Amino acid sequence: MTNDAIQEGGTSDHFSMFSSQTAKIKYSYNKIREVKSHRIGELFSAYRDILWDDGRHKYNVSSFIGEIDEILLGERFSAFDQSTLDNLIGTLRQRGNSNATINRKMAALSKLLRKAHKMGDIHSLPEFRRQKERAGRIRFLERDEEARLFAAIKRRSEDAYRLSVFLVDTGCRLGEALGLIWNDIQEHRVSFWITKSGRSRTIPMTERVKEVIKLPPTEGRRPKGPFTKLSQAQFRAVWNDAKAEVGLGADDQVVPHILRHTCASRLVQGGIDIRRVQMWLGHQTLSMTMRYAHLATNDLDGCVTVLETPRSSGADSGGASPLSSPPSAMREPKSEPVASKAPKPAKRSAKS
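Residues numbered from 1 in each chain as written. Predicted model: local features only at pLDDT ≥ 70, side-chain atom pairs only at ≥ 80, totals over all residues. Heavy atoms only, no water.

## Considerations on the pattern of salt bridges
Inclusion rule: When a carboxyl oxygen of Asp or Glu is within 4 Å of a side-chain nitrogen of Lys or Arg, the pair counts as a salt bridge. Burial here depends on accessible area, computed with a 1.4 Å probe over protein chains only, as a share of the maximum for the residue type. Under 20% is buried, over 50% is exposed, and the range in between is partly exposed.
Within the structure shown, the criterion is met by 22 salt bridges. Between Arg129 and Glu127 there is a salt bridge whose closest N-O contact spans 3.3 Å. Of the residues examined, Arg129 reaches a relative accessible area of 61% and is grouped as exposed. Among the charged side chains, a network of salt bridges with common partners joins Glu67, Glu70, Arg95 and Lys105.

Next comes the structure, spelled out in structure tokens:
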């Protein structure tokens, strides 16, 4: 600014402009923040109660982060670069972790680092790429397996037996059942409010579910819910003892969650469409329910008819498939009789 401009504008204008510029400089200076280095364990201690609710999932995440901190040797960092992430994934794979397990551990780490980055604790993030998972075999109980297992459970604990029946007929998760209170059960329906996906759902109850939620008459105060007298550890202990008794002890897939798989498989095999199965189970995405879609084979039964049809019969019928009829555009039109046209009468002359 020139001296002439200062004199022409007056002292007050110049002072206001100078003050405004000073304020801007001061504001920009206040935004500068020093980034310190942190350990993964320190970040988890700072944000675990904000990012994860109390429960089994938070317990699992705690063990995931603890293992990651151990692999990184407690290293402190202000930026988590791509090479550090790649080395971490490589170490987990060398330890025998499957891609599905690696994905779960990286999901926890990614959530923690994104929060730390947002709060200014670290100044750069790596790119997390989901590892390709192979679809494994889904184990579910046959009717006779269920009968033998449930009978063994009932001999050990009536409460554990009631819970087992409830789990297999509703398909709910163990934590969802244990968290039920009486207010969640209305007439012929049960509502699950505390779910893994965060979305509540309400489903109708089968007749035997209506029976097992009734508590036997006991003295003393009524419990808060139908299964609140049991803990997960107590139920799993009864389950494992009964499983060993009926000869399923060596099958590592026969865990309480198998009852959810069993419910889903029975719904699909019974002809229930996959969208309704998703709503029943409370899956967040349809892709999770599609794991059971291969069990719905009713639409493929006609393929057997085609394969078992003798070639000669196919030739005689012109090769038409019993599953489909030729489209209307491919059919030859029927010939219609053409009406003969009568000769036109001769025109009368104007003179006649």
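## Some points on the environment of His123
Just so we agree on the cut-off: Counting from the N terminus, the helices are the DSSP runs of H or I reaching at least four residues and the strands are the DSSP runs of E reaching at least two.
Positionally, His123 belongs in the loop between helix 6 (99-118) and helix 7 (143-156). Sequence separation between His123 and Ser78 is 45 residues; the distance between their C-alpha atoms is 6.5 Å.

## Side note on the sheet that holds strand 2 (residues 189-192)
Under the convention used in this document: Two strands pair if DSSP finds at least two bridges between them.
The three strands lie next to each other as 1-2-3, forming an open sheet whose pairing is antiparallel. Of all strands in the sheet, those bounded by a partner on one side alone are strand 1 (185-186) and strand 3 (201-204). Across four bridges, strand 2 lies against strand 3 in antiparallel orientation. Within strand 3, the position partnered with Phe192 by the bridge is Arg201.

## Looking at the packing of helix 8 (residues 158-170) against helix 12 (residues 258-269)
What counts, and what does not: Angular values range over 0 to 180 degrees, each being the angle between N-to-C directions of two axes fitted as lines to C-alpha atoms, with helices fitted over their stretch in contact. Working rule for angles: under 35 degrees goes down as roughly parallel, over 145 as roughly antiparallel, 65 to 115 as roughly perpendicular, anything else as oblique. Contact definition: two residues touch when any of their heavy atoms are within 4.5 Å. Ten residue types, Ala, Val, Leu, Ile, Met, Phe, Trp, Tyr, Cys and Pro, are classed as nonpolar, four, Asp, Glu, Lys and Arg, as charged, and the remainder, Gly among them, as polar.
Where helix 8 contacts helix 12, the two axes come as close as 6 Å, and the packing angle between them is 40 degrees. Taken together, the axis directions place helix 8 and helix 12 in an arrangement best described as oblique. When helix 8 is examined against helix 12, the residues Ser164, Leu167, Val168, Asp169 and Thr170 are found in contact with a partner set consisting of Leu259, Thr262, Cys263 and Arg266. Partitioned by chemical class, the residues of the contact of helix 8 with helix 12 number four nonpolar, three polar and two charged.

## Regarding the packing of aromatic side chains
Definition in use: Paired rings are identified among Phe, Tyr and Trp, the last through its six-membered ring, by centres lying within 6.5 Å, and are further divided according to the angle between planes into stacked (under 30 degrees), edge-to-face (over 60) and tilted (the rest). A positively charged side chain is recorded as over a ring if its NZ (Lys) or CZ (Arg) lies within 6 Å of the ring centre. The angle to the ring normal must also be within 35 degrees.
Counted according to the given criterion, the structure contains six aromatic pairs. Ring geometry for Phe166 against Phe227: centres 5.0 Å apart, planes inclined by 55 degrees, an arrangement best described as tilted. Pair noted here: Phe166 is in helix 8 and Phe227 is in the loop between helix 10 (207-212) and helix 11 (232-245), with a separation of 61 residues, a long-range link. Summarising the burial analysis for this pair, Phe166 and Phe227 share the class buried. With centroids separated by 6.1 Å and ring planes inclined at 45 degrees, the aromatic side chains of Phe235 and Trp239 adopt a geometry described as tilted. Of this pair, Phe235 and Trp239 both sit in helix 11, four residues apart, which is roughly one turn of the helix. Judged by relative accessible area, which is 0%, Trp239 ranks as buried. One aromatic cluster is present, formed by Phe166, Phe192 and Phe227 through successive ring pairs. In this structure, Lys154 is placed above the aromatic ring of Tyr161, and the distance from its NZ or CZ to the ring centre is 4.7 Å. Stacked on the ring of Trp182, the Lys or Arg Arg222 has its end atom at 3.9 Å from the ring centre.

## Remarks on helix 7
For the record, the criterion: The span you would expect from a helix comes to 1.5 Å times its residue count less one. Here the arc refers to the set of directions running from the helix axis out to each C-beta atom.
A rise of 1.5 Å per residue sets the reference length of helix 7, with its 14 residues, at 20 Å; its end C-alpha atoms lie 20 Å apart and thus fit the reference within 8%. Of all the positions in helix 7, only Glu145, Glu146, Leu149, Phe150, Ala152 and Ile153 are classed as buried. The buried residues of helix 7 all sit within an arc of 160 degrees when viewed along its axis, so they share a single face. Across helix 7 from its buried face, at more than 90 degrees, point the exposed residues Arg143 and Arg155. If you follow the buried residues of helix 7, they end up packed against helix 8, helix 10, helix 11 and helix 12.

Read these as spatial facts, not as claims about activity.
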